[in-house]
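Fold and contact review
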Amino acid sequence: MSTHAQRERLLLADLLETVGPGAPTLCTGWKARDLAAHVVVRERRSDAAAGVVFKPLAPRLERVQEEFAAKPYEELLQLIRTGPPKLSPFALKQVDEAANTVEFFVHTEDVRRAQPDWAPRDLDPVFADALWLRLERMARVLGRKSPVGLVLRRPDGRTAVAHRGAPVVTVTGEPGELILFAFGRQGASHVELDGDADAAAKLRAAELGL
């Protein structure tokens, strides 16, 4: 049985193939080719991928990612589809599901929503709940840089506190939209903000995410 991460992996690879290497994405400065290279480096070059969180390694990450981006686009897509090597932690089903479900969902939307003809994607309830579960666990980390109190709320009333503070802004939306908002894609997410207008404006412009 395929996992959420596996399905999102293949969906991302198919979408990258459809739009082509020069297509825009929501990631500033990245075309589809750059995003594909990022995904591959993250899974296959842990020595460089650590630069995402460990800033002294950021220049190395940039160099390695540029090297991968120079590879044939079809090769990058095949590496995404086949997944990490067997000795990689990502090769473990449990690790893949925990670490890649949200990663691949967000990057798929990075590609989809940057295209002029994109349309909202209906998520099945089981997948939506899986995204919400991960958002609950990550909320405090994703919202740590919020300039205001931040509460994420599903339409059914379930909430997750992403940042304690005042004034408080409550962001309401479906799990996938809340994931995108919390990962710094505020302008591309379909959500409603409730709270002080100035606080809401600061939140929309804030640097959220990892």
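Let me begin by describing the structure that accompanies this report. In this text, all values refer to a predicted model and were calculated from it rather than measured experimentally.

**Side note on the overall build of the chain**
Of the regular secondary structure elements, the chain holds nine helices and four strands. Along the chain, from the amino end to the carboxyl end, the secondary structure elements read α-α-α-α-α-α-α-β-β-β-α-β-α. The globule rule puts the C-alpha radius of gyration for 210 residues at 17 Å, and the 17 Å found for the chain is close to it. Oriented by its inertia axes, the alpha-carbon framework of the chain measures out at about 50 × 40 × 35 Å. Counting all 210 residues of the chain, 49% fall into the buried class. Long-range pairs, those at least 24 residues apart, make up 59% of the contacts in the chain between residues at least 6 apart in sequence. Counting every atom, the chain has about 10700 Å² of accessible surface; 55% of that belongs to carbon and sulfur.

**Some details on the packing of helix α2 (residues 32-44) against helix α5 (residues 73-82)**
Relative to each other, α2 and α5 sit at 45°, their axes nearing to 9 Å. Here α2 lies oblique to α5, going by the angle between them. At the point where α2 passes α5, the crossing takes the left-handed sense. Here α2 contributes Ala32, Arg33, Ala36, Ala37, Val39, Val40 and Arg44 to the contact with α5, which in turn contributes Tyr73, Leu76, Leu79, Ile80 and Thr82. When the residues that make up the contact of α2 with α5 are grouped by side-chain class, the tally is nine nonpolar, one polar and two charged.

**What to know about the packing of aromatic side chains**
Counted under the stated rule, the structure contains one aromatic pair. Judged by centre distance (6.0 Å) and plane angle (75°), the ring pair of phenylalanine 105 and phenylalanine 127 falls under edge-to-face. Within this pair, whereas phenylalanine 105 is found in helix α6 (residues 93-112), its partner phenylalanine 127 is found in helix α7 (residues 125-142), the two being separated by 22 residues in sequence. Phenylalanine 127 shares its class with phenylalanine 105; the two are buried. The ring of phenylalanine 68 carries lysine 71 above its face, with NZ or CZ at 5.2 Å from the centroid.

**Focus: the environment of arginine 158**
Tracing the chain through its elements places arginine 158 in the loop between β1 (149-153) and β2 (159-163). Each C-alpha atom of the pair arginine 158 and alanine 70 lies 45 Å from the other, and the pair is 88 residues apart in sequence. Sequence-distant contacts of arginine 158, defined by excluding residues within four places in its chain, comprise Asp129, Trp132, Leu152 and Arg153. Of the polar contacts made by the side chain of arginine 158, one reaches the side chain of aspartate 156; its length is 2.6 Å.

**Here's the deal with the pattern of salt bridges**
Applying the stated criterion across every chain, the model contains 17 salt bridges. Measuring nitrogen to oxygen at the nearest pair gives 3.3 Å for the salt bridge that ties arginine 9 to aspartate 96. You can see arginine 9 sitting in helix α1 (residues 4-19) and its partner aspartate 96 sitting in helix α6, a full 87 residues away along the chain. As a salt-bridge pair, arginine 121 and glutamate 109 come within 3.3 Å of each other at their nearest N and O atoms. Of the two residues, arginine 121 is situated in the loop between α6 and α7 and glutamate 109 in helix α6; the sequence distance between them amounts to twelve residues. Through salt bridges with shared partners, one network takes in Glu8, Glu109, Arg112, Arg113, Arg121 and Glu177.

**Let's talk about the nonpolar core**
One recurring pattern in soluble globular proteins: nonpolar side chains tend to sit buried together. Counting residues in hydrophobic clusters, the biggest one holds 29 residues, and the most contacted among them are Leu135, Leu152, Val171, Ile179, Leu193 and Leu203. When contributions to this core are tallied by element, the ones reaching two or more residues are α6, α7, β1, β2, β3 (168-172), α8 (175-182) and α9 (197-205). It is α7 that contributes the most residues to this core, six residues altogether. Aside from chain neighbours lying at most four places away, what touches valine 171 is Leu150, Val151, Leu152, Arg153, Leu178, Phe181, Val191, Glu192, Leu193 and Leu203. Grouped together as the second largest cluster of nonpolar side chains are 24 residues, Leu12, Val39, Leu61 and Val111 included.

**So, α9**
Considered for burial, the residues of α9 that qualify are Ala199, Ala200 and Leu203. Each buried residue of α9 sits inside an arc of 100° when the element is viewed along its axis, so together they form one side. For α9, the exposed residues lying more than 90 degrees away from the buried face are Ala197, Asp198, Lys202 and Ala205. Against the buried residues of α9 lie β1, β3, α8 and β4 (192-194). For α9, the side-chain oxygen to backbone nitrogen distance between the N-cap and aspartate 198 is 3.0 Å, and the N-cap itself is aspartate 196.

Cut-offs used in this document
Residues numbered from 1 in each chain as written. Predicted model: local features only at pLDDT ≥ 70, side-chain atom pairs only at ≥ 80, totals over all residues. Heavy atoms only, no water. Helix = DSSP H or I, 4+ residues; strand = E, 2+ residues; numbered from the N terminus. Rg over C-alpha atoms; globule rule 2.2 N^0.38 Å. Buried < 20%, exposed > 50% of the residue type's maximum accessible area, 1.4 Å probe, protein only. Contact = heavy atoms within 4.5 Å. Areas by Shrake-Rupley, 256 points an atom, 1.4 Å probe, with all protein chains shown as cover. Axes fitted to C-alpha atoms, helices over the stretch in contact; angles between N-to-C directions. Parallel < 35°, antiparallel > 145°, perpendicular 65-115°, else oblique. Left-handed = near helix turned anticlockwise from the far one by under 90°. Nonpolar A, V, L, I, M, F, W, Y, C, P; charged D, E, K, R; others polar. Phe/Tyr/Trp six-rings, centres within 6.5 Å; stacked < 30°, edge-to-face > 60°. Lys NZ or Arg CZ within 6 Å of the ring centre and 35° of its normal. Polar contact = N/O pair within 3.5 Å; in protein donor to acceptor, adjacent residues only side chain to side chain. Salt bridge = Lys/Arg side-chain N within 4 Å of Asp/Glu carboxyl O. Core = buried A, V, L, I, M, F, W, Y, C linked by side-chain atoms within 4.5 Å. Arc of directions from axis to C-beta.

Note that all results are geometric; they support no functional claim without further evidence.
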